[in-house]
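Per-entry structural report
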Amino acid sequence: MTVDVRPFATLRRHLPGGETALRIRLGDGATVRDAVRRAGIPEESPRIVMVNGRLATLDAALADGDAVSLFPAVGGG
Amino acid sequence: MEKILKVDMGERSVRVEELPEGLRRLGGRGFTSSVVSAETPPGCDPFSSENVLVIACGLLAGTAASTAGRLSVGTKSPLTGGIKESNAGGTAGHAMGRLGVRGIVVRGAAREGTWVLVIDRDGARLERRDDLRLAESYAAVAALRSSYGGDASVILVGPAGERRLKAASVIVTDPEGRPTRHCGRGGTGAVMGSKGLKAVVLDTRGTRPPAPADRGAFAMHAKRFVEALRAHPVTGEALPAYGTNVLANIINEAGAYPTRCFSSGRFEGTEKVSGETMRDVIIERGGSPTHVCQPGCVIRCSNVYLGPDGGHLASGLEYESIWANGANCGIDDLDVIARLDRLYDELGIDSIETGVAIGVAMQAGVIPFGDGEGALRLAGEIAAGTPLGTALGNGAAAAGARLGCARVPVVKGQALPAYDPRAIKGMGVTYATSTMGADHTAGYAVATSILNCGGSLDPLATEGQAALSKRLQAATAALDSIGVCLFVAFPVLDDPAALESLLGMVNARHGWGMTAADLPAMGEEILRIERRFNAAAGLTAADDRLPAFFLTEPLEPHRHVFDIPERELDEVCGRPPEGAERP
Ligand code: SF4
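Attention shifts here to the overall build of chain B. In terms of regular secondary structure, chain B is built from 24 helices and 17 strands. The C-alpha atoms of chain B give 22 Å as radius of gyration, which agrees with the globular expectation for 583 residues (25 Å, within 12%). If you line up chain B on its principal axes, its C-alpha atoms span 60 × 55 × 50 Å. Counting all 583 residues of chain B, 66% fall into the buried class. Of all intrachain contacts in chain B linking residues separated by at least 6 positions in sequence, the fraction that spans at least 24 positions is 68%. Total accessible area on chain B is roughly 18900 Å²; 50% of this is exposed by carbon and sulfur atoms. Charged side chains in chain B number 59 positive and 68 negative. The centres of these two groups are separated by 5 Å.

With that settled, the discussion passes to the domain arrangement of chain B. Residues and elements named next belong to chain B. According to the domain assignment, chain B contains domain 1 (3-202) and domain 2 (257-420). Taking only C-alpha atoms, the centre of domain 1 and the centre of domain 2 are 25 Å apart. Counting residues at the interface gives 38 residues for domain 1, matched by 38 residues for domain 2. Taking both sides of the interface into account, the surface hidden between domain 1 and domain 2 amounts to around 2800 Å²; carbon and sulfur atoms contribute 48%. Contact with domain 2 buries area across many residues of domain 1, yet Y138, R181 and R185 alone supply 22% of it, more than any other trio.

Inspection of the entire model under this criterion finds 40 salt bridges over all chains. Residue R29(B) is joined to E530(B) by a salt bridge in which the shortest nitrogen-to-oxygen separation is 2.9 Å. Residue R29(B) is found in helix α1 (residues 28-39), and its partner E530(B) is found in helix α22 (residues 518-536); the two are separated by 501 residues along the sequence. The burial state of R29(B) is the same as that of E530(B); both residues are buried. Among the salt bridges present, the one from R342(B) reaches E346(B), with a minimum N-O distance of 3.5 Å. Taken together, the positions of R342(B) and E346(B), both in helix α12 (residues 334-347) and 4 residues apart, correspond to about one turn of that helix. Among the charged side chains, a network of salt bridges with common partners joins R33(A), R37(A), E43(A) and D59(A).

Residues and elements named next belong to chain B. Pairing is mixed in the open sheet, where 6 strands are placed in the order β2-β1-β6-β3-β4-β5. Edge positions in the sheet fall to β2 (13-18) and β5 (83-88), since each has one partner strand and no second. Averaged over all neighbouring strand pairs, the angle between strand axes comes to 15°, with direction disregarded.

What follows is about the side chain of R407(B). All names here are of chain B. Mapped onto the elements, R407 comes out in the loop between α16 (396-403) and β16 (410-411). You can call R407 buried: its relative accessible area is 18%. Within polar-contact distance, the side chain of R407 engages the backbone oxygen of F262 at 2.9 Å. A polar atom in the side chain of R407 sits 2.7 Å from the side chain of Q363. Non-local contacts of R407, meaning those with residues more than four positions away in its chain, are made with C261, F262, S263, Q363, F549 and E553.

Turning to the nonpolar core, a few remarks are in order. Residue and element names in this part refer to chain B. Among the nonpolar cores identified, the biggest contains 174 residues, and I104 and I251 are the most heavily contacted of them. In terms of residue count, the dominant contributor to this core is helix α19 (residues 465-482) (8 residues). When residues of this core are sorted by domain, at least three fall in each of domain 1 (3-202) and domain 2 (257-420). Among residues more than four places away in sequence, those in contact with I104 are L5, V7, L53, V54, I55, M96, L117, I119 and V200.

This paragraph deals with the environment of R407(B). A C-alpha to C-alpha distance of 9.5 Å links R407(B) and A397(B), two positions 10 residues apart in sequence. Engagement of the side chain of R407(B) in a polar contact is seen with the backbone oxygen of C261(B), the distance being 2.8 Å.

The next thing to look at is the layout of surface pockets. Residue and element names in this part refer to chain B. Empty space within the second largest pocket amounts to approximately 470 Å³. Along the wall of the second largest pocket there are 21 residues; nearest its centre are R531, R532, C573, G574 and R575. With 6 residues, α22 is the largest single contributor of residues to the lining of the second largest pocket. Its residues assigned to classes, the lining of the second largest pocket shows 6 nonpolar, 6 polar and 9 charged.

Going through the model one piece at a time under the given rule, you end up with 0 disulfides over all chains. Unpaired in this structure, C453(B) has its nearest cysteine sulfur neighbour in C485(B), at a distance of 14 Å.

Turning our eyes to something else, we now look at the pairing of strand β1 (residues 3-8) of chain B. Side-chain direction in a regular strand flips from residue to residue, so the side chains alternate between the two faces of the sheet. All names here are of chain B. One ladder, built from 6 bridges, connects β1 with strand β6 (residues 101-107); its direction is parallel. Directly across from K3, in β6, lies its bridge partner V101. Inspection of the sheet shows β1 paired to β2 by 6 bridges, in the antiparallel sense. Looking across to β2, one finds that K6 is bridged to R15. Linkage of β1 to β2, two consecutive antiparallel strands, is achieved through a turn of 4 residues, within which R12 is found at a positive phi near 55°.

Residue and element names in this part refer to chain B. Going through the model one piece at a time under the given rule, you end up with 9 aromatic pairs over all chains. With centroids separated by 5.5 Å and ring planes inclined at 40°, the aromatic side chains of Y319 and Y419 adopt a geometry described as tilted. Taken together, the residues span a long stretch of sequence, with Y319 in helix α11 (residues 319-325) and Y419 in the loop between β17 (414-415) and α17 (425-433) at a distance of 100 residues. Ring pairs connect the aromatic residues Y257, Y319, Y419, Y444, F487 and F490, which therefore count as one cluster. Note that R164 overlies the ring of F47, its terminal NZ or CZ placed 5.5 Å from the centroid.

Cut-offs used in this document
- Throughout, a residue's number is its position along its own chain's written sequence, starting from 1.
- Both sets of labels track the order of writing: A upward for chains, 1 upward for ligands.
- In keeping with the model being predicted, local features are shown solely for residues with a pLDDT of at least 70 and side-chain atom pairs are shown and tallied solely at 80 or more, while totals for entire chains, interfaces and linings include all residues.
- The basis for the side-chain values is all heavy atoms of the structure; hydrogens and waters are excluded.
- Helix and strand assignments come from DSSP, with helices taken as H or I runs of at least 4 residues and strands as E runs of at least 2, each series counted from the N terminus.
- For the radius of gyration, the atom set is restricted to C-alpha positions; the globular benchmark scales as 2.2 Å times the number of residues to the power 0.38.
- A 1.4 Å probe rolled over the protein chains alone gives each residue an accessible area, and that area as a share of the maximum for its type sets the label: buried under 20%, exposed over 50%, partly exposed in between.
- Here, two residues are considered to be in contact whenever any of their heavy atoms come within 4.5 Å of each other.
- Accessible surface is estimated by sampling points in the Shrake-Rupley manner with a 1.4 Å probe; for residues, cover comes only from the protein chains shown.
- By the counting rule applied here, Lys and Arg register as positive and Asp and Glu as negative, while His and the ends of each chain are not counted.
- Where a charge sits is defined by one atom per residue type, namely NZ (Lys), CZ (Arg), CG (Asp) or CD (Glu).
- The split into domains, and so the bounds of each, comes from an automatic or database assignment of domains.
- Note: buried area is the sum, over both parts, of the accessible area (probe 1.4 Å) each one loses when the two are combined.
- Each salt bridge in this description consists of a side-chain nitrogen of Lys or Arg and a carboxyl oxygen of Asp or Glu lying within 4 Å of one another.
- Two strands pair under a simple rule: DSSP has to find at least two bridges between them.
- Note on method: axes are straight lines fitted to C-alpha atoms, helices fitted across the in-contact stretch only, with angles between N-to-C directions ranging 0 to 180 degrees.
- Counted as a polar contact is a pair of N or O atoms within 3.5 Å, where, for protein atoms, one must be capable of donating a hydrogen and the other of accepting one, and residues adjacent in sequence contribute only when both atoms are in side chains.
- Among the buried residues, those of types Ala, Val, Leu, Ile, Met, Phe, Trp, Tyr and Cys that are joined through side-chain atoms within 4.5 Å form a nonpolar core.
- Whether a set of points on the 1 Å grid over the protein atoms alone is a cavity depends on a 1.4 Å probe fitting there but being unable to get out, while an open set qualifies as a pocket with protein on both sides within 12 Å along at least five of seven lines; lining residues are those with an atom within 4 Å of a point.
- Grid points are joined across faces, edges and corners, and a volume is the space filled by probe spheres set on the points.
- Nonpolar residues are Ala, Val, Leu, Ile, Met, Phe, Trp, Tyr, Cys and Pro. Charged residues are Asp, Glu, Lys and Arg, and all others, Gly as well, are polar.
- Here, a disulfide means two cysteine sulfur atoms that sit within 2.5 Å of each other.
- Working definition: rings of Phe, Tyr and Trp (its six-membered ring) pair if their centres are within 6.5 Å, and the pair is stacked with planes under 30 degrees apart, edge-to-face with planes over 60 apart, and tilted otherwise.
- Lysine NZ or arginine CZ positioned within 6 Å of the ring centre and within 35 degrees of the ring normal marks a charge as sitting over the ring.

Given below as structure tokens:
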């Protein structure tokens, strides 16, 4: 399957050359954790994970075409 | 002993009195709401001389406590028709603390002239300054500082307040003396303007920080509090690096970023106006991505935004302002947003209310969504006082009424801020039930349901939202009364040491024994006072509701409507269920 990984804020420093998103291929049954690893982002860095705009965990199973958004701890108001 | 200043604009008198027993334990919102509810007749016209305007600092003002210089302004709101408290950072709260003034109560109205209240170590006096009539805020501050001291803190209204526009703010100067921090919401500036009071100048020369009852304990807790703020990833890393606008991407990803007058939860131009992009632009132009609005704040969420020519545009381009004048209007150009923000600073008007009003005008077809130059023209009409400009300056509801728009995002006449209540339903509960009208700061459910602070709750779920909002509204009322910046709530929600040291400072400063267990009751009591005022002013259960379109139009991408049952909203407001006898 193919999924998009989109890190934000400080997590972007893990992507090469100022990229803001990465399209990666994963095997069947892959989870968010697999996507995070493949993107070269340390597993413990994302504090907030979304799949298609819904809050998720690192263990969530992915499907083809999913968008994974990863955030460090952020806040504001 | 701290003081209360009583100003009568009709008689042009100023009295300095000892703080009465009943107000000694109250700062910020607790102070303003208590005084307003005791002194303003709930049914009065907000612009009549009977309405009082109350300015209060917090319980730790003037000390070295980080973020404790918050300033509250309270009154009967011309926008909501109910009680109002709006607060801001800037340097005035700490200045009041050093001058030993907990609160300023302004009643009456000047029959003529433009007046300035000057407070210094020797006392307080009203001075007539007709030269400042309708002066824009940067020029007014420059003139006031040249008269009363180059380091003076200034609380002022701009032309919008003097012209009684219902979205007018009360502005507070920052450490550079720039009029950029606003008690933005609910038209407090229009009430101040209606009294003929242009500004309050606080000259702290020759004063010292107030002496804590227990100096050693105070220093220890102040240090621990700073450590807790620095240790938490939100207040220690994200806010200093990106400011509040770090939220743009996450709220957009969550499908809750209100776009084109609340018609979608995702904005295709978000990346261009995000905190990440803004940081790059600021650094490239030699501005500052990290800035304090008040001395001693270690969170430093503010910024200094320069225009393409390197000239200063805004200090503290914030998430809310960027959203209201950006995604909400379909505008993806940070420079246009910063120019609008500068106009609002000069005029003294709420950037949220005004941005939403412009969005309503776009919805009505006055100009198309995405038309940045058109938005600047409309803001110019507010300044010029054209009929359309005056409607816009009176807020989103007035703009909708003038333009024949029924679909207007307001509660109690106040515009919704930057979280769509269909995608973060706890915020919908807060908007509907807050005593203040639609106000994100009144019970920030986003913290728990998006940001994983203080637990977690699915933002799209129906269950648990009312309880979350209710709990947060009480906690917020308590924090607003201590007078610290609300962003301390992130560590306070997660780290017991943060709350312990905050209360430790309050206790050491005043010689009290306040505990964490006292806070919910303190917050509840303030909310009760505010609800009683609103009920007496004529607000009913029908005012504790979202506009109907949020219940019928599903929001992309999640296609949810706001579906929290009305009886749960009533319960948050302490209303007995239908059919039940009132006790
Ligand atoms: S966190 Fe931001 S708003 Fe709060 S006191 Fe600090 S600079 Fe001001």
